[in-house]
Amino acid sequence: MRLFLLSICFLLTQSIMAQKPVILTDFISQESITDFQLYFYHDPHCKMDAPVAFSQIYAEKFQRLDFSNEKLNIDQIKPEDCLWFRFIFENRSSKQISFHLQPNIFSIFGEFKLYQKFDNGIINERRSGFNVLPSNKDVNISGSDDLRFFITPGDSDTIYLHATLSEESKLSDLTFTISTHDSVLKKDKSRRLLFGIFLGIMIIMILYHIPLYIQVREVSYLYYIFYILAFIAFFVNKEGYIYEITPQFTNAPINIFLLQIFLLFFLLFGRAYLDTAKTLQTWDRILVMTIGFIISGLVLNVVMIALSNKGHYIPDFIQLIALSINIISAPASLFLAALPAFILRKKHFGPARYFLIANVFLILGALLLFLFNDFSIGKHGLEIGVTLQIVTFSVGLGEKINVLKKDRELAQRKIIDQLRENAGLKDKVNRELEDKVRERTKEIRSQKDQIERQNKEIKYSFDYAKRIQSTVLPTNEVFENLFAENFIFFKPRDIVSGDFYWISQKGSKIFITASDCTGHGVPGSLMSMLGITMLHEIVNEKNFSRSDEILNELRLNIARTLKQEGKPGEQKDGMDMVLLIYDRTTRKMEFSGANNPMYIIRDGEMIEYKGNNMPVAYYDNMTPFTRHTIQMKQGDRVYMFSDGFPDQFGGPLGKKFKYRPFKDLLLEVHERPMEEQKRILKMVFDEWKGNLDQIDDVLVMGLRF
């Protein structure tokens, strides 16, 4: 008898502790799954797979999810752990339908995997979760984590759910509901229809006001358009539609960020609409400070979103600061924008009443959302309030434009009256002007004759300066005596040139330079004369024979002559140049350069020797010039030049010729006779320049060794 009673007690205990099935019917709209219907197993190392879960080995290890049971050690569950949930479903529906297992929308879990085993032994897997791409989710509706499954009517089945925890996961937030597929689609269709109506109204408002902004150029229209766009972005994120095409962000920072974008454009719109910069300057300064406060919150939220998406932990105090800014910004923005409107309404500023009415609609919509959130009207209260607010703002903008039109008409009438008043003075002024014109005409004719005389004198001076410069520059015969083949393409921008070339021979050595002086025209020509004189003295009288020493000495002489000491405000005149010393006996050539390079084409390949990156003048970071020694070969072509050719603007787009095409041009023509090379360079330069002005002096020298 005692044994029988014990058996009865054991069976009753087992029946009480056994997992209760979830009853499925045709009419389940959204039914919660209780703790007695939900069993779980903690897999800290994520080693268990689906076949093992369905085996009898782990059947007794699943326990009821009871947060009050301290023996479950729920507080030891950490991020990156895995949890297995077991559901027993009994389908009492009258027809074959599908069901949705729905995790709580506020639960943030990295991944859900639903496993269902069929009679043939195949285990079906369905995926969803916070970190799963929308295209890989089992059900992709507004970013939800629904998991769909099928059970034959009259049958029961055990289904397992595998969940991966993330940093944001809270087990206490994870609850489950069950719905039929048809009820989910019906609710989603209704929700999309209402949101589509709201979105359509917003888009119509935007499309209507864009042409108005283009027509009247009133900045309040522009802020109004951005204000609507901010609302659309906020509601698209709120309804979760964006997550049907992209993975979810961390919810809180994104929602706060979008809310602050809305507040920013709300204040900008209110400031422009009420024209507080003119009507209420004190309040305008307060609004500007508030806008700066909201922008600081936006920056902070951008940083938080970036850190959150990269997996970084955001300290609690930073989150608290961001939350505080948001809590302060929302009511402060509404108050600081509405109070100036109330003041202006008292001053009989007509458009202000629309601003007040519009914000009353927004407040009522927010109250509907918080007070009646369990009803359809409450869930869409904010959309209703915003729609009415936007429409009211649109009417108010029309009223403001009418006010502006009246102000402009009044201003135009004042202008017309002023013009009529001025018309009486017109004849008198015209007569006085005619007298003055006659007097000025005589003066202009006298000045014209004087200017023409001065121009002739200046032209004569330029021509004389050109003859002097031409006399100082080496003749073609000097080059032909020293180099059998050579060319000099020399094209000054003005009558006289800041570019110059110079050659001298001492024994077996030939000294050659191509130089570009600061400026062009008369100032450049004076520098060129100074450079030629100093080079002659340094080489032929002081007997300097190394290319680097010659440039060092020339720089010293220029700085001394022009009194360059590096003081602020003093002139920075100098020259960029290439200096070559060729020994005809050893066939060795020295090269030193100031800013400008020198090219050698040998066996069809171009070798570039770069000069020091400083001019021949006083320089902040002066160092001795570098000397390169090159063993020349028979047939080498050497090219020296100023920057006038590569820097010339022209071509179909009016851009610079540049150095790369200049090198290619030299490579293309280097095998031709030197005189023909000069002709081609001149033709290319003139075609490239076209009708544009020459911007600088041009000098290109070619020598064949």
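Residues numbered from 1 in each chain as written. Predicted model: local features only at pLDDT ≥ 70, side-chain atom pairs only at ≥ 80, totals over all residues. Heavy atoms only, no water.

Considerations on the side chain of Ser128
Phase 1: By secondary structure assignment, the location of Ser128 is in strand 8 (residues 123-128).
Phase 2: The class for Ser128 is buried, based on a relative accessible area of 0%.
Phase 3: Side-chain polar atoms of Ser128 contact the side chain of Asp145, separated by 3.3 Å. (Helix = DSSP H or I, 4+ residues; strand = E, 2+ residues; numbered from the N terminus. Buried < 20%, exposed > 50% of the residue type's maximum accessible area, 1.4 Å probe, protein only. Polar contact = N/O pair within 3.5 Å; in protein donor to acceptor, adjacent residues only side chain to side chain.)

Quick notes on the sheet that holds strand 17 (residues 598-602)
Phase 1: Reading across from one edge, 12-23-20-17-18 is the order of the 5 strands in this open sheet, with antiparallel pairing throughout. Edge positions in the sheet fall to strand 12 (485-491) and strand 18 (605-609), since each has one partner strand and no second. Averaged over all adjacent pairs, the angle separating strand axes in this sheet is 15 degrees, with direction ignored.
Phase 2: Relative to strand 20 (residues 637-641), strand 17 runs antiparallel, the two being bridged by 3 bridges. Counted as the bridge partner of Ile601 is Arg637 from strand 20.
Phase 3: Against the sheet, helix 15 (residues 659-669) touches strand 17, strand 18, strand 20 and strand 23 (698-704), its axis set at about 35 degrees to strand 17. (Pairing = 2+ DSSP bridges. Axes fitted to C-alpha atoms, helices over the stretch in contact; angles between N-to-C directions. Contact = heavy atoms within 4.5 Å.)

Some details on the pattern of salt bridges
Side chains carrying opposite charge are able to pair once their charged atoms draw close together.
Phase 1: Tallying each qualifying case throughout the model produces 21 salt bridges.
Phase 2: Between Asp138 and Arg126 there is a salt bridge; the shortest N-O distance is 2.9 Å. Of the two residues, Asp138 sits in the loop between strand 8 and strand 9 (147-150) while Arg126 sits in strand 8, which places them 12 residues apart along the sequence.
Phase 3: For Asp138, a relative accessible area of 24% translates into the label partly exposed. (Salt bridge = Lys/Arg side-chain N within 4 Å of Asp/Glu carboxyl O.)

Things to note about helix 13 (residues 521-541)
Phase 1: Relative to the 30 Å expected for 21 residues at 1.5 Å per residue, helix 13 spans 29 Å between its end C-alpha atoms, a close match to the ideal helical length.
Phase 2: All buried positions along helix 13 are accounted for by Gly521, Gly524, Ser525, Met527, Ser528, Gly531, Ile532, Met534, Leu535, Ile538 and Val539.
Phase 3: Of the residues one or two after helix 13, Asn543 is the one with positive phi, at around 60 degrees. (Expected span 1.5 Å × (residues − 1).)

What to know about the environment of Gly574
Phase 1: Tracing the sequence through the fold places Gly574 in the loop between helix 14 (547-561) and strand 15 (575-583).
Phase 2: Note on Gly574: relative accessible area 2%, which makes it buried.
Phase 3: In this structure, the C-alpha to C-alpha distance between Gly574 and Gln102, residues 472 residues apart in sequence, is 80 Å.
Phase 4: Setting aside residues no more than four positions away along its own chain, Gly574 makes contact with Asp516, Cys517, Thr518, Met527, Val616 and Ala617.

Looking at the sheet that holds strand 6 (residues 98-103)
Phase 1: Taken in spatial order, the 4 strands make up an open sheet running 2-11-6-9, and their pairing is antiparallel. Edge positions in the sheet fall to strand 2 (31-32) and strand 9, since each of these pairs with one other strand and no more.

What about the state of the cysteines?
Phase 1: Taken as a whole and judged by the stated rule, the model has 1 disulfide.
Phase 2: Here Cys46 engages in a disulfide with Cys82; their sulfurs sit 1.9 Å apart. On the sign convention where negative is left-handed, the bridge of Cys46 and Cys82, at about 100 degrees about the S-S bond, is right-handed. With Cys46 in the loop between strand 3 (39-43) and helix 2 (50-54) and Cys82 in strand 5 (residues 82-91), this residue pair connects regions lying 36 residues apart in the sequence.
Phase 3: Residue Cys46 is classed as partly exposed on the basis of its relative accessible area, which comes to 33%.
Phase 4: You can call Cys82 buried: its relative accessible area is 2%. (Disulfide = S-S within 2.5 Å.)

Overview of the confidence of the model for the protein chain
Phase 1: Considering every residue of the protein chain, the mean pLDDT works out to 83; 93% of them sit at 70 or more.
Phase 2: Element-level mean pLDDT values for the protein chain span from 41 in helix 1 (residues 2-17) up to 96 in strand 20.
Phase 3: Note on residues 1-16: pLDDT under 50 across the span, and 0 contacts to partners over four residues away in sequence or across chains. (pLDDT = per-residue confidence, 0-100.)

Looking at the packing of helix 13 against helix 14
Phase 1: It is the contact of helix 13 with helix 14, at a shortest axis distance of 10 Å, that shows an interaxial angle of 130 degrees. Considered as vectors, helix 13 and helix 14 are oriented oblique to each other. Crossing geometry of helix 13 relative to helix 14 is assigned as right-handed. Contacts between helix 13 and helix 14 involve Leu530, Met534, Leu535, Ile538 and Val539 from the former and Ile550, Glu553, Leu554, Asn557, Ile558 and Thr561 from the latter.
Phase 2: Of the residues that constitute the contact of helix 13 with helix 14, the class distribution is 8 nonpolar, 2 polar and 1 charged. (Parallel < 35°, antiparallel > 145°, perpendicular 65-115°, else oblique. Left-handed = near helix turned anticlockwise from the far one by under 90°. Nonpolar A, V, L, I, M, F, W, Y, C, P; charged D, E, K, R; others polar.)

Side note on the nonpolar core
Phase 1: Ranked by internal contacts, the top residues of the largest apolar core, which has 54 residues, are Tyr227, Phe355 and Val386.
Phase 2: Where this core is concerned, the elements lending two or more residues are helix 3 (181-216), helix 4 (219-239), helix 5 (251-274), helix 7 (281-309), helix 8 (316-346), helix 9 (351-371) and helix 11 (381-472).
Phase 3: Those residues within four positions of Tyr227 in sequence are excluded, and the remaining contacts are Phe262, Phe265, Phe266, Leu362, Gln389, Ile390 and Phe393.
Phase 4: The next biggest cluster of nonpolar side chains, apart from the first, holds 48 residues, and it includes Trp502, Ile503, Met589 and Ala594. (Core = buried A, V, L, I, M, F, W, Y, C linked by side-chain atoms within 4.5 Å.)

Brief notes about the packing of aromatic side chains
Phase 1: With the rule as written, the count across this model stands at 46 aromatic pairs.
Phase 2: Over the face of the ring belonging to Phe36 we find Lys20, whose NZ or CZ atom lies 5.2 Å from the ring centre.
Phase 3: Over the ring of Phe36 we find Arg64, and its NZ or CZ is 4.2 Å from the ring centre. (Phe/Tyr/Trp six-rings, centres within 6.5 Å; stacked < 30°, edge-to-face > 60°. Lys NZ or Arg CZ within 6 Å of the ring centre and 35° of its normal.)

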